Amino acid sequence: MKQSFIFIGLLASQQVFSHIPDFSAHQTQAVYADLNLLKQARIPVLYADNQTNIGYSVLTPTMLQKLSELSHQHGRCGNFEALSQIPNDINIVKKDLDAVNKQHKKDLSYMSVARNLTVAQNPKIAEALQELKADNIKQTVTWLSSYHSRYNKGANANVHVNDFYEKMKLMTANSSFPVTVDLISHRSTPQKSVRVSIKGSTKPDEYVIFGAHYDSISGWGGTGRAPGADDNASGSASLLEAMRVALTKEQPQRTLEFMWYAGEESGLLGSAEIAEAYKVEKRNVIAVLQLDMTMFPGDGEFKITSITDFTSPWLRDYMKALNTTYLNIEILDDKCGYGCSDHASWNRRGFPAVFPTEAKFNSMFQYIHTDKDVISSVMSFEHSLVFSKIALAMALDLGNSTQREALH
Ligand SMILES: [Zn+2]
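Anyway, here's the lowdown on the structure attached to this text. (Residues numbered from 1 in each chain as written. Predicted model: local features only at pLDDT ≥ 70, side-chain atom pairs only at ≥ 80, totals over all residues. Heavy atoms only, no water.)

**Quick word on the pattern of salt bridges**
Then, in step 1: Under the criterion given, the structure shown has 15 salt bridges.
Then, in step 2: For lysine 124, the salt bridge goes to glutamate 250, with nearest N and O atoms at 3.1 Å. Pair noted here: lysine 124 is in helix 5 (residues 123-129) and glutamate 250 is in the loop between helix 8 (229-246) and strand 8 (254-261), with a separation of 126 residues, a long-range link. Assigned by exposure class, lysine 124 and glutamate 250 land together as exposed.
Then, in step 3: A salt bridge links glutamate 241 to arginine 244; the nearest nitrogen and oxygen atoms lie 2.7 Å apart. On the criterion of helical spacing, the pair formed by glutamate 241 and arginine 244 is a turn pair, its members being three residues apart in helix 8.
Then, in step 4: Given a relative accessible area of 3%, glutamate 241 falls into the buried group.
Then, in step 5: Judged by its relative accessible area of 29%, arginine 244 is partly exposed. (Salt bridge = Lys/Arg side-chain N within 4 Å of Asp/Glu carboxyl O. Helix = DSSP H or I, 4+ residues; strand = E, 2+ residues; numbered from the N terminus. Buried < 20%, exposed > 50% of the residue type's maximum accessible area, 1.4 Å probe, protein only.)

**With respect to the state of the cysteines**
Then, in step 1: According to the stated counting rule, one finds one disulfide in the structure shown.
Then, in step 2: Here cysteine 336 pairs with cysteine 340 through a disulfide, and the sulfurs are 1.8 Å apart. Both residues of the pair, cysteine 336 and cysteine 340, count as buried. (Disulfide = S-S within 2.5 Å.)

**Some thoughts on the sheet that holds strand 10 (residues 303-307)**
Then, in step 1: Spatial strand order, 11-10-13: three strands in an open sheet with mixed pairing. The sheet terminates laterally at strand 11 (330-334) and strand 13 (356-357), the two strands that pair on one side only.
Then, in step 2: Of the strand pairs in this sheet, strand 10 and strand 13 are connected by two bridges, and their pairing is antiparallel. Counted as the bridge partner of threonine 305 is threonine 357 from strand 13. (Pairing = 2+ DSSP bridges.)

**Description of the pairing of strand 8**
Then, in step 1: Of all eight residues making up strand 8, eight are buried, and the element is well covered by its neighbours.
Then, in step 2: In this structure, strand 6 (residues 193-198) lies alongside strand 8, joined through five bridges in antiparallel fashion. The partner of isoleucine 198 across the bridge, within strand 8, is leucine 256.
Then, in step 3: In the sheet, strand 7 (residues 203-213) pairs with strand 8 via eight bridges, with the strands oriented parallel.

**Digging into the packing of aromatic side chains**
Aromatic ring pairs are defined here through the distance separating the ring centres and the angle between the ring planes.
Then, in step 1: Scanning the entire structure with this criterion turns up 13 aromatic pairs.
Then, in step 2: Between phenylalanine 310 and tyrosine 338 the ring centres are 5.0 Å apart and the planes differ by 85°, which places this aromatic pair in the edge-to-face class. Here phenylalanine 310, found in the loop between strand 10 and helix 10 (313-327), pairs with tyrosine 338, found in the loop between strand 11 and helix 11 (343-347); they are 28 residues apart in sequence, far enough to count as distant. With respect to class, phenylalanine 310 is no different from tyrosine 338; both count as buried. (Phe/Tyr/Trp six-rings, centres within 6.5 Å; stacked < 30°, edge-to-face > 60°.)

As structure tokens, then:
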């Protein structure tokens, strides 16, 4: 009881604790989450930034379940980032959220001036885009959604992971340039992430990163059937098809990394740890593309959505310029709140991220996180192929250019 009393006192405003109470006795989880969602779930907020709408809370298992269920009810993927440990000083939280706020202000100033980012047409890239096959996406989604569940905390958390890893080893075995495939272990989940790294020829220390989570969830977790066809076998498949073609092209100048993340559904677990490691290692990340849900054409086929919160306006402009040059489809804008997918892990740490997805928020596939998230006639693999085209065009263009977000 005591614990909840302390919390309630803090609900109203941006109260700042100089010292965080000792939660170690309880099985609690610290999170950064969408502030509206925290308030709607009546979860006490220990610190909040009202400009970026992010709140910090420490949740008991019951609160975590409530938050997850509420975000799932809204058709969202989690909408929170689980922190690997509870910060022992609120100033750590303040520093993290101030960094997001600073980024937000930088983005606003970038957007306040007229911009006209264009991408010149490269016939080789246009040709490569034609090699992408919707049927390959269908095969991969069929395969990944055939596992009973890809839940990151389930008994079989790494069954599909090990199969996926072996497949990556086979796909890259005969590459004519240096490609590494590795399994990344995490502290916060038993599930591993897979990374394929295509080393850059002239700028190997500049990274262009492509990611998708390949875990799944049904309801609040547990042992239920979790096919996760749209969420997120589809994004994982769109990414794999782009990589398949990229591997047949010349060695890129910059290093290209393709990552399949663990534990997104339980709070961006895999991507948060990887992004944190890249930040600590001061890696020079030029751009991060996130693919999550690509197969349900909720607003009509070939009409997709670019998520505008917690993404880089420069990279959004760049993606739209690629579209104008190579695809010419309609790209709408929408928001989805903090932590709605793995792009947030990179954005929060200052790396430029972009997140195109299948439809606007309220038009997305409504059966995600249930055993009904399976391939059906409402799905379109041609729609999913659009995301492979964006990824491949970005890999071949940005992977061989000097373009980057202005550093100031
Ligand atoms: Zn997802």
